[in-house]
Structure formats: structure tokens, C-alpha cells
Amino acid sequence: VLVTAYDIIFFWVARMIFSGCAHTGKPPFHTVFIHGLVRDDKGRKMSKSLGNGIDPLEMAEQYGADALRFNLVTGNSPGNDMRFLPDRCEAMRNFANKIWNASRFLMMNLTIEKNGLPEKLELEDKWILTRLNTLIGEMTDNMEKYELGVAAQKVYDFIWGDYCDWYIELTKARLQGTDEDSKTRAQQVLLYVLTETLKLLHPFMPFITEEIWQALPHEGDFLMLQTWPAVSKELAFPEDEATMESIME
């Protein structure tokens, strides 16, 4: 796969394809993913003469490499130009902090040493697992179609809304209660959903996801080498999801 902007299709892409065919007898790429240009906040093309370029190293130093990457990915749609807004880097840094704080909350309440789901699930457990299952299916489809911006936005919404704002809040009473079985099961679901979500987020924000994953109970050496999550029919509870949604309204 070759990833490139549209402004060098003739100057580089076409010539590389012709050169590859001439010297090896086959094209060098099976897919060319063409994205738009990254422009400044006024919509102008970045150039040395205008002095409106952005130094990515400075942005990474100020906001973090993950925040910079996620800003560019979420603002991207195939073929369309995007305006680089530094304020969005700050918003994505806040998103990274949200993930970090959610992970710290889980670690502070974690007493289990193995990652796995319990046999008995509460209503809110079935709801978050169903939502995760839907997310995995939709993101996989988006990624296969190179809809990277759409996929990134979906995992953003899931983490911020479903997992942090709803599910963590719903489990606090169980984690702080006296029912040890319910407390353990809440930890199991929290851990499972977080680790699966980290796998989905890893292509976009590799540094923070690897750091968090290493601090959680896991198998294997690196998050990067884990298998991409797959949709599971056993973890789909549409009726319970609908019940939970009606309660949340």
C-alpha cells in the first residue's frame, strides 16, 4: 500500500508504477491510498515562502506524538484537504488524558491477575460488551475500506462516552461495595473491555496504548503483536442493550 497526497500522483506515483513494471514486470503497489493536503488554519498550502508550515516535532513536543497523530487521522477523509488546527491537538491531548485517567482508576481498583470475562454478567456488563462488539465490527469494516478518520472517530466516541462517562460510573458502586463476587466481575469486564479497546486504538495512538497495556494483566510481549479483535456472537446481547439504552434515556 502506498499512502500519498494527490499533488504528486504524476510526479512520483505514476513514475514509480511504470518503473516497477519495467524493471520487475509487476506494479510495486496493489493499492494507492490518496489523501488530501494538510493546509494551515486559513486553508493555504504550507510552504517555506509563506512561512506557514508546522514543525511536527514541535507539535509532538508540546502536545505529544499520539495527540498529533490522532488529530491528523480524525481530520482526514480520502481525497479531501484538511486544515491543521493546533487547538485540535490540545483536544486530542485531553482525550489521551481521559484514557490515562480511566486506566489509573481501573489499576487502583484492580485485584485480579488474569484477563478474562466472568460467566455471570450484569445488565450494564452486557450493554458495554455489546457496544464493544459493534465497535469491533464497524471499525474492522472501516479499516478495510481505508476509512481511517471514521474508524478513529468511532473508537474516540466509544472510549469517551460509553466506557468512561457511562460504564465506569455504573461500576463504581460495585467496586466500592461489599459484594466481593460482584466487585470481581466488574473488574473483569472493565479490564477486558479496556484491553480490547487499546488494541483498536493502537494503530492511531501507539505510545500511550502500549504503555497502559504493559501495566495491565496481559499475555504476550507487546500490544503491537496482539491479534486484532474479532466480532463474537457470544458477546452480543441486543435485547439487554435496548433495555439499558431505555434506562439511560
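Bear in mind that the values here come from a model prediction, so they are computed numbers and not experimental data.

1. Things to note about helix α5 (residues 123–144)
In a regular helix each residue adds 1.5 Å, so 22 residues correspond to 32 Å; α5 covers 32 Å between its end C-alpha atoms and thus fits that length. Residues of α5 that are buried include every one of E124, D125, W127, I128, L129, T130, L132, N133, L135, I136, M139 and N142, and no others. Elements in contact with the buried residues of α5: α6 (148–175), α7 (180–201) and α9 (238–248). Directly after α5, the chain includes Y146, whose backbone phi takes a positive value near 65 degrees.

2. Here's the deal with unusual backbone geometry
Most peptide bonds are trans, and most residues other than glycine sit at a negative phi. A positive phi angle is found at Y146, which is not glycine, with a value near 65 degrees. You can see Y146 is positioned in the loop between α5 and α6. Overall, the relative accessible area of 26% leaves Y146 in the partly exposed class.

3. What to know about the pairing of strand β1 (residues 2–5)
On a regular strand, each side chain points to the face opposite its neighbour's, so the side chains alternate between the two faces of the sheet. Judged from the four bridges that link them, β1 and strand β2 (residues 32–35) form a sheet pairing that is parallel. Looking across to β2, one finds that L2 is bridged to V32. Between β1 and its parallel partner β2, the chain crosses via helix α1 (residues 9–24), and the hand of that crossover is right-handed.

4. Quick word on a nonpolar patch on the surface
Where nonpolar side chains cluster on the molecular surface, the patch consists of F10, F11, W12 and M16 and spans about 480 Å² of accessible area. As for its position among the elements, F10 is in helix α1. Since its relative accessible area comes to 55%, F10 is described here as exposed.

5. Quick look at the packing of helix α3 (residues 65–74) against helix α4 (residues 86–108)
Packing of α3 against α4 brings their axes to within 8 Å, and their N-to-C directions diverge by 115 degrees. Put simply, α3 runs roughly perpendicular to α4. Pair α3 / α4 crosses with right-handed handedness. Of the residues in α4, those touching α3 at A67, L68, F70, N71 and T74 are R88, C89, M92, R93 and F95.

6. With respect to the pattern of salt bridges
Two side chains bearing opposite charge may form a pair once their charged atoms approach each other closely. Within the structure shown, the criterion is met by 16 salt bridges. The closest approach of N and O atoms between D165 and K98, which form a salt bridge, is 3.1 Å. Note that D165 is positioned in helix α6 and K98 in helix α4, a separation of 67 residues in sequence. Judged by its relative accessible area of 37%, D165 falls in the partly exposed class. When the shortest N-O distance is used, the salt bridge between R174 and E124 registers 3.0 Å. Of this pair, R174 sits in helix α6 while E124 sits in helix α5; the two residues are 50 residues apart in sequence, bridging distant segments of the chain. Residue E124 is classed as buried on the basis of its relative accessible area, which comes to 14%.

7. Quick notes on the packing of aromatic side chains
One pair of aromatic rings is described through two measures. These are the centre distance and the angle between the planes. This structure, assessed with the given rule, holds nine aromatic pairs. Ring centres 5.6 Å apart and planes at 25 degrees place the aromatic pair F33 and Y146 in the stacked group. Note that F33 is positioned in strand β2 and Y146 in the loop between α5 and α6, a separation of 113 residues in sequence. The exposure class assigned to F33 is buried, which follows from its relative accessible area of 8%. An aromatic cluster is built from F70, F95, Y156, W160 and F204, whose rings are joined through pairwise contacts.

8. Observations regarding the side chain of Q187
Checked against the element boundaries, Q187 lands in helix α7. The exposure class of Q187 is buried, given its relative accessible area of 0%. Side-chain polar atoms of Q187 contact the backbone nitrogen of T111, separated by 2.6 Å. In contact with Q187, other than residues within four places in its own chain, are L106, N109, L110, T111, I112 and L175.

Conventions we followed
Residue numbers here run from 1 along each chain, matching the order of that chain's written sequence. Residue-level local features of this predicted model are given only where pLDDT is at least 70; pairs of side-chain atoms are given and counted only at 80 or more, and the full residue set underlies all totals for whole chains, interfaces and linings. To obtain the side-chain values, all non-hydrogen atoms of the structure were included, while hydrogens and water were left out. Secondary structure elements are defined from DSSP: runs of H or I of at least 4 residues count as helices, runs of E of at least 2 residues count as strands, and each element is numbered from the N terminus. To estimate the expected span of a helix, subtract one from its residue number and multiply by 1.5 Å. Only protein chains enter the accessibility calculation, which uses a 1.4 Å probe; a residue whose area is less than 20% of its type maximum is buried, one above 50% is exposed, and one in between is partly exposed. Contacts are assigned to residue pairs that have any heavy atoms within 4.5 Å of one another. Criterion used throughout: strands pair if DSSP finds at least two bridges between them. With strands facing away from the observer, any crossover in which the path from the first strand over the helix to the second runs clockwise is taken as right-handed. A patch consists of residues exposed above 30% relative accessible area that lack any salt bridge, with like charges linked at up to 9 Å and nonpolar side chains (Val, Leu, Ile, Met, Phe, Trp, Tyr) linked at up to 5 Å. Throughout, the Shrake-Rupley method with a 1.4 Å probe supplies accessible areas, and for residues the shown protein chains are the sole cover considered. Any carboxyl oxygen of Asp or Glu that lies within 4 Å of a side-chain nitrogen of Lys or Arg is treated as forming a salt bridge with it. Where helices are involved, their axes are fitted lines through C-alpha atoms of the stretch in contact, as for all axes, and angles between N-to-C directions lie from 0 to 180°. Throughout, the term roughly parallel applies to angles under 35 degrees, roughly antiparallel to angles over 145, roughly perpendicular to angles from 65 to 115, and oblique to all others. Left-handed describes a crossing whose near helix is turned anticlockwise from the far helix by less than a right angle; the clockwise case is right-handed. Any pair of Phe, Tyr and Trp rings, taking the six-membered ring for Trp, is counted once the centres come within 6.5 Å. Such a pair is stacked with planes under 30 degrees apart, edge-to-face with planes over 60 apart, and tilted for the rest. In protein, a polar contact means a hydrogen-donor-capable atom and an acceptor-capable atom, both N or O and within 3.5 Å, with residues adjacent in sequence counting only if both atoms are side-chain atoms; elsewhere, any N or O pair within 3.5 Å suffices.

By themselves, these observations are geometric and do not establish any function.
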